[in-house]
Structures are given as structure tokens and as C-alpha cells.
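Here is how the chains run, residue by residue.
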Amino acid sequence: MLKNRLIPVLLLQNGLLVRSELFQIHQIIGNPIHEVQRFNEWNVDELIYLDISRDGSYDLRRDDTKVKGLDHPLGILDAVSRTCFMPLTWGGRIRTTEDMRERLRRGADKITVNSEAVRTPSLITEGAKCFGSQAIVASIDVGRNAQGNREVFVDGGRTATGLDPVAWARECERLGAGEVLLQVIERDGRGTGYDTELIHAMASAITIPLIACSGVGRFEDYPSGIQAGASAVAAANLWHFKELADRLGKNALLKAGVNVRR
Amino acid sequence: MTVGIIDFGMGNLNSVANAFERLECPSFLLTEPAQMKTVDRLVLPGVGAFGDGMANLNRDGWVPALEAEVRTGGKPFLGLCLGMQLLATRGKEHGDWQGLGWIPGVVRRLETTDAAIRIPHMGWNDVEIAKHDGIYKAAKGEQTFYFVHSFVFCPEDTSVVSAWCHHGERFVASVERGNIFATQYHPEKSQKCGLSVLRNFLQASAC
């Protein structure tokens with residue numbers, strides 16, 4: 001039987017690993033390669049790497065986080081791929097099928113598209129045609145508009161789109177996406193638990209797998225994502241600040257009766 | 001012992017090379033069919049759609065060279081994911097395409113009537129081993145592999161099946177016929193279970 005997955009999300013900004021809060025605050029927390037090596041040793045199910053850099057600069061400022069020769073995000077992908085012995089999804093700044101091809105060639109198994117998919121929905125279809133639906137993950141960031149309703153945001157949460165999250169998820173599936181990664185801006189870095197209502201609504205509306213993210217503060221928060229209908233549960237910050245984050249996360253899922261890989 | 005990884009523009013090459021590096025076996029990316037003569041083992045990896053995969057193999061002249069090396073020459077061959085599906089006679093992904101036809105059968109969409117079963121089949125799943133020699137030699141305990149696919153290979157003769165998997169329906173996780181091995185899952189992404197499969201492939205003898 002297919003296992004539910006537990007996935008760390010690593011955020012990369014200008015060549016450094018960062019933690020994120022509300023999509024606005026980004027603290028540098030470490031070296032992008034060392035962290036992956038740690039997860040590999042832990043036998044992690046899968047890894048999502050998101051390059052959230054907003055400009056083109058990759059100056060690695062702090063000495064202790066510096067990786068020699070890495071001045072470009074794809075150099076980081078190469079290095080990650082060499083140490084990454086688990087499935088890897090790469091996202092951020094992907095605008096064309098050539099961008100996708102380049103990342104898959106360098107060792108990514110799947111790529112995610114977010115802002116560009118909203119601007120040019122055919123990108124999802126073209127990607128699915130070239131690389132198969134299973135390689136295309138639609139990443140959806142959900143915020144609240146002035147009326148207090150949920151809405152899809154792009155450009156790192158800065159631009160509202162007018163799209164309804166559940167309708168957009170369904171559209172992404174129709175366009176050819178093989179999976180949806182859901183992030184909820186107001187939960188990002190807050191540790192208040194998943195938005196289970198939205199997870200449930202979105203997972204019920206699509207037939208492709210949903211990866212739930214945003215809001216995990218304790219390992220005990222994971223099962224609620226699966227119970228709400230997600231196929232996989234992800235978190236970012238929790239992985240950096242807790243020891244044995246994989247084992248303890250799996251234990252919390254097993255204890256709740258979730259079928260995970262031991 | 002050297003491994004040649006066929007680079008026909010369908011992704012996932014570094015991961016495969018990294019896995020062989022982990023096994024301390026030199027591997028080379030092959031960009032021209034003639035290079036296949038220089039290696040001891042051939043791997044056809046693939047992330048992508050059936051039609052594109054066959055188009056690339058045909059365009060770059062891989063098909064006759066593969067026939068000569070693998071089917072006539074008996075060089076051990078391992079197809080991964082799309083690389084397994086391309087062994088079929090026909091593929092039904094976004095159209096109807098002719099495959100290599102090395103193992104008669106078709107590639108069709110994974111079928112299920114259970115709404116709770118999500119497709120693509122993506123993630124870790126247990127396999128039921130049908131052939132305990134070959135790539136599963138000495139496999140012990142729970143065998144869990146990483147799958148990412150929406151289409152499955154249905155061979156006409158199921159005696160070639162070396163392992164089965166379940167996702168909505170029972171489908172082929174891997175096949176083996178003589179010097180030809182292939183897996184629907186990604187051994188290069190399946191941690192210890194996957195490494196063991198690749199190690200066994202390196203030990204397979206030529207036919």
C-alpha cells in the first residue's frame with residue numbers, strides 16, 4: 001500500500017538556507033548542502049527545495065554557511081543532487097520548459113511552478129507533455145484578500161491573483177499537473193498547525209496528490225494533514241530546530257495510525 | 001566494470017550516476033550510440049512522456065545500436081521508469097506510440113475505480129517479489145521503493161515479471177528477461193532497497 005510521505009522543505013534565498021515566517025521574514029540558518037546530507041543519513045522520504053530568491057544575486061555572505069564555488073542556484077542543485085539519495089523536487093524561478101529540463105537533468109525528479117503557472121497556465125501543460133505529469137508540481141500559495149477570503153497569491157505572497165485556491169488547484173490538475181503543494185501564508189512559520197479546512201477542501205476537489213505545508217509547530221501536527229486528505233505532509237522550520245526530526249515525525253504519524261515508511 | 005547511462009534528453013541522469021558512484025562503480029553518460037560498445041552495462045533512465053522518449057531514441061539513432069548491443073550482443077541492460085515502459089510494443093500516453101517492442105505488451109494509464117486512490121502513483125510503496133534471484137538477490141524484510149508514474153507496463157507474458165506492486169490495481173513493478181532488467185520504480189531514489197537492486201544488476205552476467 002502506498003505510504004503517506006513526510007517531507008522537509010528547504011528554503012533557499014540568495015544561496016543560503018533560510019527560515020521563513022509569513023512569507024516576509026527570512027532568517028539565514030545554514031548551509032544548503034550540509035542540511036541535505038543530514039536528511040540523507042536520516043533516510044528521509046523526499047525533499048523539496050524552493051529557491052525563493054527575489055533578485056539575481058547569490059552572494060554567500062556568511063563564512064560559516066559558504067559553499068565554495070556556489071554562486072548560482074543550479075550549482076547548489078548539482079551539489080544537492082550529489083548528496084541527495086532520495087526524491088528531490090526543485091522549485092523557484094522556473095519560467096520555461098527549458099528551465100524545467102535543465103533542473104531535471106541536474107538531478108531533480110520533479111519541478112514546481114508557482115507564479116509563472118498563474119501568468120502562463122500553458123506552462124503546466126507544456127511541462128507535462130515534455131516530462132510527464134508526475135514531474136510537474138503546482139505550488140499554490142494561499143493568502144487572504146481585503147475581504148478576508150482566501151485567494152491565490154504569487155511572487156512570494158506579494159501579488160494577489162483573484163484566483164480561488166480550490167478552483168485553481170482543480171485547474172492545475174486539468175492543465176496537467178501531477179501534484180499540488182499547498183502553502184498557507186498566514187500559517188507560515190507560526191507553528192499553529194495546518195489549515196485543515198483548506199487542505200480538506202482542496203484535497204476533495206482534486207484527484208492528484210496534495211502535499212500539505214505551513215503551520216507545523218509540533219510533530220503531533222502532522223497526522224491532521226493526512227486526516228484532512230493530504231497524501232503527504234511537509235514542514236520547513238521544524239526540521240531545522242529539532243533533533244531527530246524525521247524519526248520523531250514518523251513516530252507521531254505511526255502513533256496516529258498513518259501508513260508511513262519506517 | 002563500467003556502466004553507461006544513456007543520455008537521450010529525458011532527464012534524471014545525475015541521480016543515476018550518483019547512485020553508481022555510491023556503489024564505487026564508474027559510470028559514464030553516453031551521448032552517442034557508438035559509445036555503448038565501451039561499457040560493460042547499460043542503463044536507460046527516463047523521466048518523461050512515452051512519445052518524446054521514443055522520438056528522442058529514434059532521432060539520435062539509439063534504437064538499432066541498442067538492438068545490437070543488448071538483444072544481439074547480450075550486454076546487461078537496466079531500464080528505469082520510462083526506460084522500462086519503452087521496452088513495450090506500444091505506449092498510450094498522450095497518443096499511441098510504437099515502443100522498442102523488446103518485451104511484448106502495452107503501456108497504459110494506471111486504472112482504478114477507487115476515488116481514494118490518487119494518480120500519479122507517487123511515493124513509497126511495498127513490492128511483492130516474484131523472482132528472488134536477479135535484482136532481488138538476498139533482498140530481506142520489507143522492500144519499499146520510490147515510484148513516480150501514471151502509466152504502467154502490461155506485458156503479454158507475465159512470466160517476465162520480477163515484482164508486483166499495488167495501487168488501485170496490481171501492476172508490474174519490475175521485469176526481467178535474460179540480460180534485460182527494468183524497474184517501474186526509481187532504484188536510484190529508493191535508499192538502501194534501491195542500492196541493493198543496482199548492486200545486483202552490476203553482478204548480473206552477460207548472456
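This text goes with the structure placed above it.
Read on for a plain summary of the structure. (Residues numbered from 1 in each chain as written. Chains lettered and ligands numbered in written order. Predicted model: local features only at pLDDT ≥ 70, side-chain atom pairs only at ≥ 80, totals over all residues. Heavy atoms only, no water.)

### A word on the interface of chain B and chain A
Taken together, the contact between chain B and chain A spans 37 residues of the former and 42 residues of the latter. Across the chain B/chain A interface, buried area totals approximately 3,200 Å², and carbon plus sulfur atoms make up 48% of it. Looking at the side of chain B facing chain A, the largest losses of area belong to B:Arg118, B:Trp124 and B:Gln191, adding up to 24% of the total buried there. Note that A:Lys3 is salt-bridged to B:Asp126, the shortest N-O span being 3.1 Å. Between the two partners, chain B and chain A, sit 18 residue pairs in polar contact (both at pLDDT 80 or more). Of all the secondary structure elements, the ones that give two or more residues to the side of chain B that touches chain A are helix H1 (13-22), strand E8 (121-129), strand E9 (144-149) and helix H5 (191-203) of chain B. (Contact = heavy atoms within 4.5 Å. Buried area = accessible area lost by both parts, 1.4 Å probe. Salt bridge = Lys/Arg side-chain N within 4 Å of Asp/Glu carboxyl O. Polar contact = N/O pair within 3.5 Å; in protein donor to acceptor, adjacent residues only side chain to side chain. Helix = DSSP H or I, 4+ residues; strand = E, 2+ residues; numbered from the N terminus.)

### Details of the pairing of strand E1 (residues 5-13) of chain A
Residue and element names in this part refer to chain A. In terms of residue burial, E1 counts as a mostly covered element, since 9 of its 9 residues are buried. Side chains Arg-5, Ile-7, Val-9, Leu-11 and Gln-13 project from E1 onto one buried face, and the interleaved Leu-6, Pro-8, Leu-10 and Leu-12 project onto a second face that is buried too. Relative to strand E12 (residues 232-235), E1 runs parallel, the two being bridged by 4 bridges. Bridge pairing in E12 links Arg-5 to Ala-232. Two strands pair when backbone bridges link them, and E1 and strand E4 (residues 47-51) are joined in this way by 4 bridges, in the parallel orientation. Along E4, the bridge assignment pairs Val-9 with Ile-48. Turn length for the E1-strand E2 (residues 16-21) hairpin, with the two strands adjacent in sequence and antiparallel, is 2 residues, and the turn residue Asn-14 shows positive phi of about 50°. (Buried < 20%, exposed > 50% of the residue type's maximum accessible area, 1.4 Å probe, protein only. Pairing = 2+ DSSP bridges.)

### Points about the sheet that holds strand E1 (residues 3-6) of chain B
Residues and elements named next belong to chain B. With mixed pairing, the 9 strands of this open sheet are ordered in space as E2-E1-E3-E4-E13-E12-E11-E8-E9. The open sheet has two edge strands with one neighbour each: strand E2 (27-30) and E9. Here the strands of the sheet are splayed against their neighbours by 30° on average, with no regard to which way each runs. Set on the sheet, H5 makes contact with E1, strand E3 (41-44), strand E4 (77-80), E8, E9 and strand E13 (180-183); between it and E3 the angle comes to about 140°. (Axes fitted to C-alpha atoms, helices over the stretch in contact; angles between N-to-C directions.)

### Some thoughts on the environment of A:Gly229
With respect to the helices and strands, the residue A:Gly229 is situated in the loop between helix H8 (222-227) and E12. Along the chain, A:Gly229 and A:Leu123 lie 106 residues apart, while their C-alpha atoms are 27 Å from each other. Beyond its immediate chain neighbours, meaning those up to four positions away, A:Gly229 contacts A:Ile199, A:Ala203 and B:Arg118.

### Points about the pattern of salt bridges
Counted by the stated rule, this structure contains 29 salt bridges over all chains. Put simply, A:Arg106 and A:Glu102 hold a salt bridge, and the shortest N to O gap is 2.7 Å. The salt bridge partner of B:Glu128 is B:Arg170, with a shortest N-O separation of 3.0 Å. Here the residue B:Glu128 occupies a position in strand E8, and B:Arg170 occupies one in strand E12 (residues 169-177), the gap between them amounting to 42 residues. Through salt bridges with shared partners, a single network forms among A:Arg5, A:Glu46, A:Lys110 and A:Glu179.

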